[in-house]
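Below, each chain spelled out in residue letters.
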Amino acid sequence: MRVESFSAEYLEEVLSWWSARGEGEMPAWLLPPCGVVAVDDDGPCAAGWLTVFEGVAAGQIDWLIGRPGLAPRQARAACKAVYEGLERAAREKGLRMIFASALRTPMAREARACGFRTTAEGVTHLAKAI
């Protein structure tokens, strides 16, 4: 498995994963410019993005998603690869802290395996289109 910077060649396939998981459509304009994709022998298998906060040396890992139908071991390896790829990208940008939210237990487990610490539980994420 390799990790690459996210590029337009993967966009259509990765965007389809949200619908395939029953999570609705993901608009491409919502994805931050800094993203990575884990690629295995069958193509892209997981992706995630880094939102960089303006004025501070911190960022947020967003929109982590895996290819539907991955075996659990493949999904864990892909998730870990994406977390590690985004950490490298954050270091290259001079960030000193990265935050991550995990909507699924396996994602939280992999984040912890990559050195993240739990800072809050039971959080409700809210959004408002403006």
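Fair warning: this is a prediction, and the values are worked out from it, not measured in the lab.

1. Focus on the overall build of the protein chain
Point 1. Along the protein chain, the regular secondary structure elements total three helices and five strands.
Point 2. Taking 130 residues into account, the globule formula puts the C-alpha radius of gyration at 14 Å, and the protein chain, at 14 Å, falls close to it.
Point 3. Each principal axis of the C-alpha distribution contributes one length, and for the protein chain these read about 40 × 35 × 30 Å.
Point 4. Looking at the protein chain as a whole, 39% of its 130 residues are labelled buried.
Point 5. Roughly 8,400 Å² of accessible area belongs to the protein chain as shown, and the carbon and sulfur atoms make up 52% of that amount.

2. A closer look at the sheet that holds strand S4 (residues 58-66)
Point 1. The mixed open sheet is built from five strands, whose spatial order is S1-S2-S3-S4-S5. The open sheet is flanked by strand S1 (2-5) and strand S5 (97-100), the only strands paired with a single partner. Neighbouring strand axes in the sheet, compared pairwise and without regard to direction, differ in orientation by 25 degrees on average.
Point 2. Examined bridge by bridge, strand S2 (residues 34-40) and strand S3 (residues 43-52) share seven bridges and lie antiparallel to one another. Residue pairing in the sheet places Val 39 in a bridge with Pro 44 of S3.

3. Some remarks on the packing of helix H2 (residues 72-92) against helix H3 (residues 105-113)
Point 1. The geometry of H2 relative to H3 is characterised by a closest axis approach of 9 Å and an angle of 50 degrees between their N-to-C directions. Classified by the interaxial angle, the pair formed by H2 and H3 is oblique. The handedness of the crossing between H2 and H3 comes out as right-handed. Here H2 contributes Arg 76, Cys 79, Lys 80 and Tyr 83 to the contact with H3, which in turn contributes Met 107, Arg 109, Glu 110 and Ala 111.

4. Description of a nonpolar patch on the surface
Point 1. On the surface, Phe 53, Val 56, Met 97 and Phe 99 cluster together to form a nonpolar patch covering roughly 350 Å² of accessible area.
Point 2. Looking at the secondary structure, you find Phe 99 in strand S5.

5. Overview of the layout of surface pockets
Point 1. In this structure, the largest pocket spans a volume of roughly 890 Å³.
Point 2. Lining the largest pocket are 30 residues, and of these Ala 100, Phe 116, Arg 117, Thr 118 and Thr 119 lie nearest its centre.
Point 3. Sorting the residues of the lining of the largest pocket by element identifies H2, S5 and H3 as the ones contributing at least two each.
Point 4. Residues belonging to the lining of the largest pocket are distributed by class as follows: 15 nonpolar, eight polar and seven charged.
Point 5. Taken as a whole, the second largest pocket holds about 690 Å³ of empty space.

6. Things to note about the nonpolar core
Point 1. Residues Ala 38, Leu 50, Ile 61, Val 82, Tyr 83, Ile 98 and Phe 116 are the most contacted members of the largest nonpolar core, which totals 23 residues.
Point 2. Contributions of two or more residues to this core are made by S2, S3, S4, H2 and H3.
Point 3. Counting residues per element, this core draws most heavily on H2, which supplies eight residues.
Point 4. Once you skip the residues sitting within four places of it in the chain, Phe 116 turns out to touch Ile 61, Tyr 83, Ile 98, Phe 99, Ala 100 and Ala 111.
Point 5. With 13 residues, the next largest nonpolar core counts Tyr 10, Leu 15, Val 37 and Ala 47 among its residues.

The rules behind each value
- Residues numbered from 1 in each chain as written.
- Predicted model: local features only at pLDDT ≥ 70, side-chain atom pairs only at ≥ 80, totals over all residues.
- Heavy atoms only, no water.
- Helix = DSSP H or I, 4+ residues; strand = E, 2+ residues; numbered from the N terminus.
- Rg over C-alpha atoms; globule rule 2.2 N^0.38 Å.
- Buried < 20%, exposed > 50% of the residue type's maximum accessible area, 1.4 Å probe, protein only.
- Areas by Shrake-Rupley, 256 points an atom, 1.4 Å probe, with all protein chains shown as cover.
- Pairing = 2+ DSSP bridges.
- Axes fitted to C-alpha atoms, helices over the stretch in contact; angles between N-to-C directions.
- Parallel < 35°, antiparallel > 145°, perpendicular 65-115°, else oblique.
- Left-handed = near helix turned anticlockwise from the far one by under 90°.
- Contact = heavy atoms within 4.5 Å.
- Patch = residues over 30% accessible without salt bridge, like charges linked within 9 Å, V, L, I, M, F, W, Y side chains within 5 Å.
- Salt bridge = Lys/Arg side-chain N within 4 Å of Asp/Glu carboxyl O.
- 1 Å grid on protein atoms, 1.4 Å probe; cavity = no way out; pocket = protein on both sides within 12 Å on 5 of 7 lines; lining within 4 Å.
- Points joined across faces, edges and corners; volume = space filled by probe spheres on them.
- Nonpolar A, V, L, I, M, F, W, Y, C, P; charged D, E, K, R; others polar.
- Core = buried A, V, L, I, M, F, W, Y, C linked by side-chain atoms within 4.5 Å.

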